[in-house]
Amino acid sequence: MGKIQTDYLVIGSGAVGMAFVDTMLDESDANFVIVDRHHMPGGHWNDAYPFVRLHQPSAFYGVSSIPLGGDRIDEVGSNKGFYELATGSEVVAYFDRVMRERLLPSGRVQYFKMSDFSDGKITSLLSGDVRDVEIRKKIVDGTFFSTSVPSTHIRKYSVADEVTCIPPNDLPRNADQFKHYTVIGGGKTAMDSIVWLLDNGAAPNTVTWVCPRASWLINRRITQPGRKFFNDAIGGAADQFEALGAATSIEDLFHRLEDADLMFRIDPSIQPEMFHYATTSIGEVEQLRRIDNVVRGERVEAIDVGTVKMKSGTTISAEPDTLYIDCTATAVDFVTKRDIPVFEPDRITLQPVFAPLASYSAAIVAFVEAQYDDDAKKNMLCKPVPLADTPAEWPMSMLGNLMNQNAWSQDDKMRDWTQACRLNPTAAAVTDPAPFTEEEKAIVSRVRQAVIPAAMNIQKLLAAETEPA
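Heads up: these notes are all about the structure in this document.

What counts and what doesn't
Residues numbered from 1 in each chain as written. Predicted model: local features only at pLDDT ≥ 70, side-chain atom pairs only at ≥ 80, totals over all residues. Heavy atoms only, no water. Buried < 20%, exposed > 50% of the residue type's maximum accessible area, 1.4 Å probe, protein only. Helix = DSSP H or I, 4+ residues; strand = E, 2+ residues; numbered from the N terminus. Pairing = 2+ DSSP bridges. Right-handed = clockwise from strand over helix to strand, strands pointing away. Expected span 1.5 Å × (residues − 1). Core = buried A, V, L, I, M, F, W, Y, C linked by side-chain atoms within 4.5 Å. Contact = heavy atoms within 4.5 Å. Phe/Tyr/Trp six-rings, centres within 6.5 Å; stacked < 30°, edge-to-face > 60°. Lys NZ or Arg CZ within 6 Å of the ring centre and 35° of its normal. Axes fitted to C-alpha atoms, helices over the stretch in contact; angles between N-to-C directions. Salt bridge = Lys/Arg side-chain N within 4 Å of Asp/Glu carboxyl O.

### Describing the pairing of strand β10 (residues 207–211)
Then step 1. Of all five residues in β10, five are buried; the element is thus mostly enclosed.
Then step 2. Where strand β9 (residues 180–184) and β10 come together, four bridges link them in parallel fashion. Within β10, the residue paired with V183 across the bridge is W209.
Then step 3. In this fold, β9 hands off to helix α4 (residues 188–199), which returns the chain to β10; that crossover is right-handed.
Then step 4. Bridging between β10 and strand β14 (residues 293–296) involves four bridges; their strand directions are parallel. The residue bridging V210 from the neighbouring strand is V295, located in β14.

### Some points on unusual backbone geometry
Then step 1. Note that the residue after A355, namely P356, is joined by a cis bond; omega there is 0°.
Then step 2. Here P356 shows up in the loop between β20 (347–349) and α8 (358–371).
Then step 3. For D119, which is not glycine, the phi dihedral falls at a positive 50°.
Then step 4. Topologically, D119 is positioned in the loop between β4 (115–118) and β5 (121–124).

### Concerning helix α10 (residues 394–409)
Then step 1. Here α10 spans 23 Å end to end across 16 residues, near enough to the 22 Å set by a 1.5 Å rise per residue.
Then step 2. Of all the residues in α10, the buried ones are W394, P395, S397, M398, L399, G400, N401, L402, N404, A407 and W408.

### Remarks on the nonpolar core
Then step 1. In this structure, F20 and W394 are the most contacted members of the largest nonpolar core, which totals 122 residues.
Then step 2. It is helix α13 (residues 438–466) that provides the largest number of residues to this core, a total of nine residues.
Then step 3. Look past the residues within four positions of W394 in its chain and what remains in contact with it is Q240, L244, L253, F254, L257, M263, F275, Y277 and A388.

### As for the packing of aromatic side chains
Then step 1. Counting across every chain of the model gives 18 aromatic pairs.
Then step 2. Ring centres 4.9 Å apart and planes at 20° place the aromatic pair F367 and W417 in the stacked group. Of the two residues, F367 is situated in helix α8 and W417 in helix α11 (residues 412–420); the sequence distance between them amounts to 50 residues.
Then step 3. Here W417 falls in the buried class, since its relative accessible area comes to 13%.
Then step 4. Taken together, W216, F254, F275, Y277 and W394 form an aromatic cluster joined through their ring pairs.
Then step 5. Sitting over the ring of F229, K228 keeps its end group 5.7 Å from the ring centre.

### Section: the side chain of R213
Then step 1. On the secondary structure map, R213 appears in the loop between β10 and β11 (217–219).
Then step 2. Look past the residues within four positions of R213 in its chain and what remains in contact with it is G186, E273, M274, H276, R299, D389 and T390.

### A look at the sheet that holds β14
Then step 1. One open sheet holds the five strands; their spatial order is β8-β18-β9-β10-β14, and the pairing between them is parallel. Two strands close off the open sheet at either side, each with one partner strand: β8 (164–166) and β14. Within this sheet the neighbouring strands show an average axis-to-axis angle of 20°, counted without direction.

### So, the pattern of salt bridges
Then step 1. A complete count under the given rule lists 31 salt bridges for this structure.
Then step 2. A salt bridge links D26 to R102; its shortest N-O distance comes to 3.1 Å. One end of the pair, D26, is in helix α1 (residues 15–27); the other, R102, is in helix α2 (residues 88–103), with 76 residues separating them in the sequence.
Then step 3. Within this structure, K138, E369, D375 and K378 form a network of salt bridges that share partners.

Now the structure itself:
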């Protein structure tokens, strides 16, 4: 087989890789090779548990050119009254459609699934066939997020042979064989598993939650796109910036956000140590509050029949017929800080430039790559924004977003494009042609007045966090 030639070789056909290529198809005449180890587009969504849904509305997820979902408001369930949240299977089907109906028919995209790329070669994982690749422009690395899901990660504790411990992928097939359930992990996957158990009839007193860290949760009400939710979303942004501008400490900041109904915590008596952008409705939070058997601040070391040993040395008892659900995979590498620019002479590393929106960030990077020639200019417009792991890191992430948005607002092309991009959650609300009401004008004015004080105070808050005790 002959050598493959391409302008860009994209590693990964997940959300970020496909969002990048989708925008580049519109903004350039380049061609692309996409390489992925999965058998279908969609990246980690291929490995997701069956009851997973997007945290935030489908309306601003995916690729810019093709909407995800039907722009529909849910009428039942814990998301009632808000824009629909695509299921995992819907997301996988969507990305497959994008590949079949958008990318491949362009004639400028080649897709190598079940394949690996290394040292200028594409290797089939099935046949072992190797193809050389000539890359005329750049490698595009879509693996920066290092997404880990329960079905593929290796748990860090031991489990006795007589004990059943499963990823949430297997929960629907196994739940009816047990009378007690222990969910291990503090993130959104653990919360989804608990809500699934309760929604499907499990009694709250049969569920134990081993929760190493409590988490602050974003109220999904303020993430709604479009003019219908203008007061909630843009008003929520105003409340958020005002809290950022007035807070005297990180703890005070999150209490202000909670008081403004922007953030939730499941137990109001616990000060959360984690912030991973998990987004919920009050209905989900109320379900989680039904669980009284919560083991806080502990990490599992070993599970045996009837006992769970923690790393601290403490042991808790468990019913012999307990099903353990492992939700300890870290969805994204939040902790590792990497000093890698987005743009290098022969490589683009797709990473957040507007946290935490991965696909929107990738589309922005693509637009900048297509429209500007100088890497220094490109990196000025696309400074990496760290994903927060803790409440103290969230203001840093917000400051990064504000700095990038300010740079985009100073550039006519960037400003016009971001305002028109479907993946921008505020675009539909602020560019709606209908005249603003007086109430909406007042909300926009509040946002504008609050942004600069917020940015200034964030720096004070961050400086206070780094001062020696």
